[in-house]
Amino acid sequence: MRPENWRYTIPLRWRTLFGRRKADEELSEEIRFHVERKTEELAAGGMPPEAARRAALVELGGAEQAMERCRDQRKLNWVQDFLQDLRYGLRLLRKSPGFTAVAVATVALGIGANTAIFSVVNAVLLRPLPYPHADRLVRVFDAKPQEGIPETGTSYVDFAAWRDQNHVFSTMAAAQAHDLTLSGRGEPLAVHTAVVTPDLFSVLQVTPLAGRAFVAEDGKKGATPVVILSENFWRSRFGGDRRVIGQTIELDKRAFTVVGIMPEYVRYPLQTPSEDVWVPLAQDPLFGPWMARPGGHWVSVVARLNPGVGPTQAQAEMAAIQARLGKQHPEQDAGWTVRIVPLDEVLVGDVKGALLILLGAVGLVLLIACANLANLLLARATSRAREIGVRTALGAGRTRIVRQLLTESAALGMLGGAAGILLAWWGVRGLRSLLPPDLPAIHPVQVDGWVLAFGLALSVAASFVFGLAPALFASGSRVQPNLREGAGRAGESGGRKRARRLLAAAEIALAMVLLAGAGLLIRSFQALVSVNPGFDARHLVKADSQLPQYQYSTPQQWVAFSDGLLARVRAEPGLRDTAVAVPLPLVSGFVNLGFTVVGNPPLPPGTVIDADYAAVSPEYFRVMGIPLLRGRWFNRQDSPSAPKVAIISDAMARQYFPKGNELGRHMHFGFPPNGDTDREIVGVVGDVRDQDLRQAPGPMMYVPFDQAPFWGAELVTRSGLDPASIAGAIRRDVATIDKDLPVADVTSMSAAISDSVAQPRFRTLILGMFGAMALLLAAVGIFGVISYSVSCRTHELGLRMALGATQASLLRLVLGESARLVLAGLAVGIPAALALTRFLATLLYGVRPADPATFIGVAILLVVAALAACSAPARRAMRVDPMTALRHE
């Protein structure tokens, strides 16, 4: 036999997908047999054995090529079979438009939701920071675990010591942030300003888009003031004109020379999507003078690890350095240690757990969708029993039928996946509008290549998940019963019935988990927004006006500005109730200061007691609706030259003056640049949640604004006018005093408080949507199972009616079947929900993960949804005509 014809002798069964290895082995054995036989023939003619073997190999050299042609032919046959199966499957789907539409919509819903949420997870968690060797970037914190301080900033003096004494970091940089006023370039603007040491861009290893980065000379006192613009700010304010390099701009009424433009992705440390600038710390009007102050924890430190140095080694060395500093400066550094955290973990913050929970929740939605579709395919496979029987009778093996049915599932999955990705692209656009403004998205949330790959992989996986069980059940059917019963639904096997009921119960269980989580978050959010912040936010509007410190450099100027602005605003119609406070609770951050109580024993070295701090005008408490409990308010007699006074909160009085003797006592504290001073406590007011609605009110101390002024004014006014009218009036009054002063953040306090709970609102809304989707899909699953069961039992129901069964008994029969499915699902779902909702504990406020009311309410909701879903099949069962049913069968 000629080698090129050997492929025709290979048994047909060897060419199947699952027989490829066997075919190769058999073919190789046949080739070796022919080579050995030819070698023997040549050797028998007198040729030496080695020469005979070489000659045989030359003569039969086409054998290996023949085997390769066989493999290629098998691959071609497999592709042809796949294309044939695909065409046939698409033809069937086209003939059943209703089924196809429902199946594609179900898959699209699950894949679209998963892909949309994955786009957020990808942008926030998965993609690396946009800096070279970002895994070496770390944040270095001061920490005092024994006093409940896991991490905080450090002083510039300590930072300088860290930088000079360590051997584990290649570079270190310090940073802070606040606003400076840009003027002389159109309308005055409060610009987000990163105040940094010159090494920051070396730490990040970033190159300017134009110009240069900071150099060491820029960080020295007396150097020419320079500024670097962000790409966003450069394009929005300067129109992308590169000629701005070398020009000067006015920040806080001081000329800064523009030396560079940083790319859009460089947003450290602010992480804001809006306009930003960077200035050297030594040249900053606010934080520059603080550089020489020992103590304080105001500067953030970022560093780059040396190659080969891990966080553990760096932690050990930095802890040793801090221990030495504690011995050298016990007043400031005793008891403090150092904590090192990767930069990406710091930037992500506490949103990682919440996003992973959302991703897991939307994965459950996809599982429910797959279970629903598997149920549909099982029902459809029953109706195709005759077709499967004919194919089996004609010689199709089980593998061939499984492959056919899985190909049809793959077609459904690809169609659903394509629709799901389109849905995700549309959904991401809407999702971006719902994202909390403080979400640390380093990269844009969008459908990019990685997200598309995720959607494609999810489509393939979903196709296998929902298609495998129906394919195995259909291919395992016996031939004769299928041919005898045809497509009759009465012929559904017990295994298929159990599988369909199991899938429906699984949907209920998964829906229970999702709805329990959604219910807990909803109850938590309701509890959060109903918290009393300690003041009345209704009809309150806030506005912020910062003063350029190079122009307004003295406390006397700050007092004159705030008094003049208050007088003008109060003269406006409807704005009589106006006050000044820095900072405002919940919306302007917080200031925490250490203090001592005069007359108390001195504290041990390194021990500090502290409280939150605010400077307010006399009308502040009345405007905010904060009650006076004891003593008196501030008044106009509390001037800069008058004795220094303070008012404390009820929580501070209870914690530090448990005997109720706080009035008349003196405390020693102060905020830069006013310095520490003794203040007499003249009043006690109600508690205010100034940091976070979720945090219980802590100690709070207030001082008169005139005695401790700030470089700006945060106005708060109570008025029935709309915020736009109030904003216009405040801007006019500020422009009357100084036309180059901006007015920023004009908003109602209610809206500002609402923004402070944006992240809880987002995750509650998203998980609530997933819960609603799960409930809908579970109800559809119950409806499908019960409806198909009723249609399969038409003959049985007719017999029951003929034998005297009442409509009520048939109704109980159908509802009982539905109830068993729901109870089975709840029996699994409730323990699973109890186990999984523990992961929500850190996201909940005012409600326990195992809240009985939530679980009972969700269970009742699922029962009601199941009863509603099976109501239509139940009514159809009650209307069965015995004679029609018996004649039909």
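Everything discussed here concerns the structure shown above.
In this report, the structure presented in the accompanying data block is examined. Quantities reported herein were computed from a predicted structural model and do not represent experimental measurements.

1. Quick word on the overall build of the chain
Helix and strand content of the chain: 26 helices and 22 strands. Counting over 889 residues, the chain shows a buried share of 49%. Across the chain, every contact between residues at least 6 apart in sequence was considered, and the portion connecting residues at least 24 apart equals 80%. When the accessible area of the chain is evaluated, it comes to approximately 39900 Å², of which 59% is carbon and sulfur surface.

2. Section: a positive patch on the surface
Taken together, the side chains of Arg 87, Arg 91, Arg 94 and Lys 95 define a basic patch exposed on the protein surface. Within the element layout of this structure, Lys 95 appears in helix α3 (residues 62-95). Overall, the relative accessible area of 68% leaves Lys 95 in the exposed class.

3. A few points about the pairing of strand β6 (residues 226-230)
In terms of burial, β6 is largely enclosed, as 5 of its 5 residues are buried. By the alternation rule, side chains of β6 split into Val 226, Ile 228 and Ser 230 and Val 227 and Leu 229, which are all buried.

4. What to know about the pattern of salt bridges
Scanning the entire structure with this criterion turns up 26 salt bridges. Note that Lys 253 and Asp 740 form a salt bridge whose closest N and O atoms lie 2.4 Å from each other. Of this pair, Lys 253 sits in the loop between β7 (248-251) and β8 (254-262) while Asp 740 sits in the loop between α20 (723-737) and β22 (744-748), and the two are 487 residues apart along the sequence. Relative accessible area serves as the criterion here: at 18%, Asp 740 is assigned to the buried category. Measuring nitrogen to oxygen at the nearest pair gives 3.2 Å for the salt bridge that ties Arg 632 to Asp 638.

5. Brief notes about the side chain of Asp 218
You can see Asp 218 is positioned in the loop between β5 (210-211) and β6. For Asp 218, the side chain forms a polar contact with the side chain of Arg 212, separated by 2.9 Å.

6. Some remarks on a nonpolar patch on the surface
On the surface, Met 414, Leu 456 and Val 460 cluster together to form a nonpolar patch covering roughly 260 Å² of accessible area. Relative to the helices and strands, Met 414 resides in helix α13 (residues 398-434). The exposure class of Met 414 is partly exposed, given its relative accessible area of 36%.

7. What to know about the packing of helix α5 (residues 156-165) against helix α8 (residues 311-328)
The relative placement of two packed helices comes down to the angle between their axes together with the axis-to-axis distance. Their axes nearest at 10 Å, the elements α5 and α8 cross at an angle of 130 degrees. Relative to α8, the element α5 is oriented oblique. Once α5 is placed against α8, the crossing between them reads as right-handed. Residue-level inspection shows Asp 158, Ala 161, Trp 162 and Gln 165 of α5 in contact with α8, the latter providing Glu 317, Met 318, Ile 321, Gln 322, Arg 324 and Leu 325. Residue classes in the contact of α5 with α8 are distributed as 5 nonpolar, 2 polar and 3 charged.

8. Considerations on the environment of Val 259
The residue Val 259 is located in strand β8 in this model. Linking Val 259 and Gln 247, residues 12 residues apart in sequence, is a C-alpha distance of 8.3 Å. Among all residues touching Val 259, those that are not within four sequence positions of it are Ala 210, Gly 211, Arg 212, Phe 214, Val 226, Val 227, Ile 228 and Ile 245.

9. Quick look at helix α17 (residues 555-570)
Spanning 16 residues, α17 covers 22 Å between terminal C-alpha atoms, matching the ideal 22 Å at 1.5 Å per step. Taken as a whole, α17 has its buried residues at Trp 558, Val 559, Phe 561, Ser 562, Gly 564, Leu 565, Leu 566, Val 569 and Arg 570.

10. Examining the nonpolar core
By size, the foremost hydrophobic cluster in this structure holds 90 residues, and its most contacted members are Val 140, Phe 169, Leu 229 and Tyr 613. When neighbours within four sequence positions are excluded, Val 140 is seen to be in contact with Trp 162, Phe 169, Met 172, Val 301, Ala 303, Met 318, Val 338, Arg 339 and Ile 340. Judged by nonpolar contacts, the second largest core, of 66 residues, contains Val 348, Leu 777, Val 814 and Ala 865.

11. Details of helix α7 (residues 231-238)
Looking only at α7, the buried set comprises Glu 231, Phe 233, Trp 234 and Phe 238. Buried residues of α7, viewed axially, fall in a sector of 165 degrees; they line one side. Considering only its buried residues, α7 is in contact with β3 (169-183), β4 (189-196), β6, β7, β8 and β9 (276-280). Phi for Gly 239, located one or two positions after α7, is positive at around 65 degrees.

12. Considerations on the packing of aromatic side chains
Going through the model one piece at a time under the given rule, you end up with 19 aromatic pairs. Ring centres of Phe 287 and Trp 298 lie 5.5 Å apart, and the angle between their planes is 5 degrees; on these two criteria the pair is classed as stacked. Of the two residues, Phe 287 sits in the loop between β9 and β10 (300-305) while Trp 298 sits in the loop between β9 and β10, which places them 11 residues apart along the sequence. As far as the burial class goes, Phe 287 and Trp 298 line up, both buried. Taking 5.3 Å as the distance between ring centres and 20 degrees as the angle between the ring planes, the aromatic pair formed by Phe 621 and Trp 633 counts as stacked. In this pair, Phe 621 is assigned in helix α18 (residues 620-624) and Trp 633 in the loop between β16 (628-631) and β17 (645-649), connecting sequence segments 12 residues apart. On the basis of relative accessibility, which here comes to 0%, the residue Phe 621 falls in the buried class. A relative accessible area of 32% places Trp 633 in the partly exposed class. Put simply, the rings of Tyr 620, Phe 621, Trp 633, Phe 634 and Tyr 702 touch in pairs and so form one group of aromatic residues. Cation over ring: Arg 254 sits above Phe 256, and NZ or CZ is 5.9 Å from the ring centre. The positively charged end of Arg 293 is found above the aromatic ring belonging to Trp 290, 5.3 Å away from the centroid.

13. Describing the packing of α17 against α20
In contact at an axis separation of 10 Å, α17 and α20 are set at 135 degrees when each is read in the N-to-C sense. Between α17 and α20, the crossing angle belongs to the class labelled oblique. Read as a crossing pair, α17 and α20 show a hand that is right-handed. Mapping the contact onto sequence places Phe 561, Gly 564, Leu 565, Arg 568 and Val 569 in α17 and Ile 730, Asp 733, Val 734, Thr 736 and Ile 737 in α20. By residue class, the composition of the contact of α17 with α20 is 6 nonpolar, 2 polar and 2 charged.

What counts as what
Residues numbered from 1 in each chain as written. Predicted model: local features only at pLDDT ≥ 70, side-chain atom pairs only at ≥ 80, totals over all residues. Heavy atoms only, no water. Helix = DSSP H or I, 4+ residues; strand = E, 2+ residues; numbered from the N terminus. Buried < 20%, exposed > 50% of the residue type's maximum accessible area, 1.4 Å probe, protein only. Contact = heavy atoms within 4.5 Å. Areas by Shrake-Rupley, 256 points an atom, 1.4 Å probe, with all protein chains shown as cover. Patch = residues over 30% accessible without salt bridge, like charges linked within 9 Å, V, L, I, M, F, W, Y side chains within 5 Å. Salt bridge = Lys/Arg side-chain N within 4 Å of Asp/Glu carboxyl O. Lys, Arg positive; Asp, Glu negative; His and termini not counted. Charge placed at Lys NZ, Arg CZ, Asp CG, Glu CD. Polar contact = N/O pair within 3.5 Å; in protein donor to acceptor, adjacent residues only side chain to side chain. Axes fitted to C-alpha atoms, helices over the stretch in contact; angles between N-to-C directions. Parallel < 35°, antiparallel > 145°, perpendicular 65-115°, else oblique. Left-handed = near helix turned anticlockwise from the far one by under 90°. Nonpolar A, V, L, I, M, F, W, Y, C, P; charged D, E, K, R; others polar. Expected span 1.5 Å × (residues − 1). Core = buried A, V, L, I, M, F, W, Y, C linked by side-chain atoms within 4.5 Å. Arc of directions from axis to C-beta. Phe/Tyr/Trp six-rings, centres within 6.5 Å; stacked < 30°, edge-to-face > 60°. Lys NZ or Arg CZ within 6 Å of the ring centre and 35° of its normal.

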